[in-house]
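These are the residues of each chain, in order.
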Amino acid sequence: MSGFPLRRPRSGASSRRLRTAVPAVLAALSLSVLAACSSDSSSDAVPGGKPAGEDVAKKAEGAPDAAILPGSTMAKIKERGYLIVGGSQDAPLWSQLNPISGKTDGFDAEMGRLLAKYIIGKPEVKIVSSATETREALLQNGTVDVVFQTYTITPKRAEQVAFAGPYYSSGQAILTKKGASGIKTPADLNGKTVIAGANTPAIAAIKQVAPDAKVVTFGSDPECVTALRQGRGDAYVQDQALLVADVKQNPDTTVVGEPFTSDPYGIGLKKDDAAFKTFVNDWLRKIGQDGSWQTVWKQTLGTVVEGNPPTPPAIGGVPGS
């Protein structure tokens, strides 16, 4: 401790108060740490509703016994009885805490439950909140088994972690306030103040298409959208899949044009665990072939995106995967 001088208690009563206060503070700190990790299972009772795609996870098949190699990451997860996922709880249509059901809904959230069902035989998941800056560390130190968090595969990130997939393909697009003029194409961002998420691929994408733009960053997607709506920037560049969800939550905004980059999302895994990566990739191929992937898309992203489900991307089809 610093900044506060220590004084000797003036009485036994004061000393007793100090001794009882310390355990209370430690207990409060423990609760704050536990709050960062939440249980999420489509097998639990859900008052007032159910997570999107709940039936998909319940009906999905588990992995054959021969695929759970002795001593492997899969075997350890199955023995533990739940999958630990690094993810978000504030990303609409991807992974967002439902205040009514108490569960986390969205495409990434349901993919985590499907993978848990494949490994364990039941969709038991614990979500550990992660940020762009912490995902690699959480995988490296074994805090989480996987990361489902619109995690764009890049060669640089692949130097620190492994990626299964890609399991979804998006791209950088432009969000503006509805009615704003002057921005129709990526080149129109030149000379404008453009908002981007800190440490996201959007920063490099903006500099490439609009080198004269002024880039300002914020820590999360909701913060970026709020900054745009407050007039702290002329546009916000992010994956189109996220921007479509943002428009649903903020009808005073609109997506301009089509994506101008290709951003493949991967499932983050610990580096150099070849057996687990092969296992997860085999599972991705399976759910793409049996229709589970398409059903999850319809129940989440497909509720705001018109048309049929896209074709799942080719596994291992991008550098870093």
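Remember, predicted model here, so these are calculated numbers, not experimental data.

Turning our attention to the sheet that holds strand 4 (residues 95–97). Here we have three strands laid out as an open sheet, ordered 3-4-5, and antiparallel in their pairing. The outermost strands of the open sheet, each flanked by one partner alone, are strand 3 (90–91) and strand 5 (104–105). Note that strand 3 and strand 4 share two bridges and pair antiparallel. From the neighbouring strand, Ala91 faces strand 4, where its bridge partner is Ser95.

Once that is clear, we can look at the packing of aromatic side chains. Applying the stated criterion across every chain, the model contains 12 aromatic pairs. Between Phe148 and Tyr167 the ring centres are 5.8 Å apart and the planes differ by 80°, which places this aromatic pair in the edge-to-face class. Here Phe148 is found in strand 7 (residues 146–152), whereas its partner Tyr167 is found in strand 8 (residues 162–170), with 19 residues between them in sequence. Its relative accessible area of 2% is what places Phe148 among the buried residues.

Right, let's get into the nonpolar core. In this structure, Phe107, Tyr168, Ile267, Phe279 and Trp283 are the most contacted members of the largest nonpolar core, which totals 45 residues. Per-element tally for this core: the top contributor is helix 4 (residues 107–120), with eight residues. Both of domain 1 (53–169 + 264–303) and domain 2 (172–256) provide at least three residues apiece to this core. Setting aside residues up to four positions removed in sequence, Ile267 forms contacts with Val146, Val147, Phe148, Ala162, Phe163, Ala164, Tyr167, Val280, Trp283 and Leu284. In this structure, Ile174, Ala202, Ile206 and Val256 belong to the second largest nonpolar core, which totals 12 residues.

This paragraph deals with the environment of Tyr82. Along the polypeptide, Tyr82 turns up in the loop between helix 3 (73–80) and strand 2 (83–87). Residue classification places Tyr82 among the partly exposed positions, given a relative accessible area of 27%. Separated by 35 residues in the primary sequence, Tyr82 and Lys117 place their C-alpha atoms 9.1 Å from one another. Not counting residues up to four positions away in its chain, the partners in contact with Tyr82 are Ile77, Ile120, Glu124, Lys126 and Asp145.

Parameters and conventions
Residues numbered from 1 in each chain as written. Predicted model: local features only at pLDDT ≥ 70, side-chain atom pairs only at ≥ 80, totals over all residues. Heavy atoms only, no water. Pairing = 2+ DSSP bridges. Helix = DSSP H or I, 4+ residues; strand = E, 2+ residues; numbered from the N terminus. Phe/Tyr/Trp six-rings, centres within 6.5 Å; stacked < 30°, edge-to-face > 60°. Buried < 20%, exposed > 50% of the residue type's maximum accessible area, 1.4 Å probe, protein only. Core = buried A, V, L, I, M, F, W, Y, C linked by side-chain atoms within 4.5 Å. Domains from an automatic or database assignment. Contact = heavy atoms within 4.5 Å.

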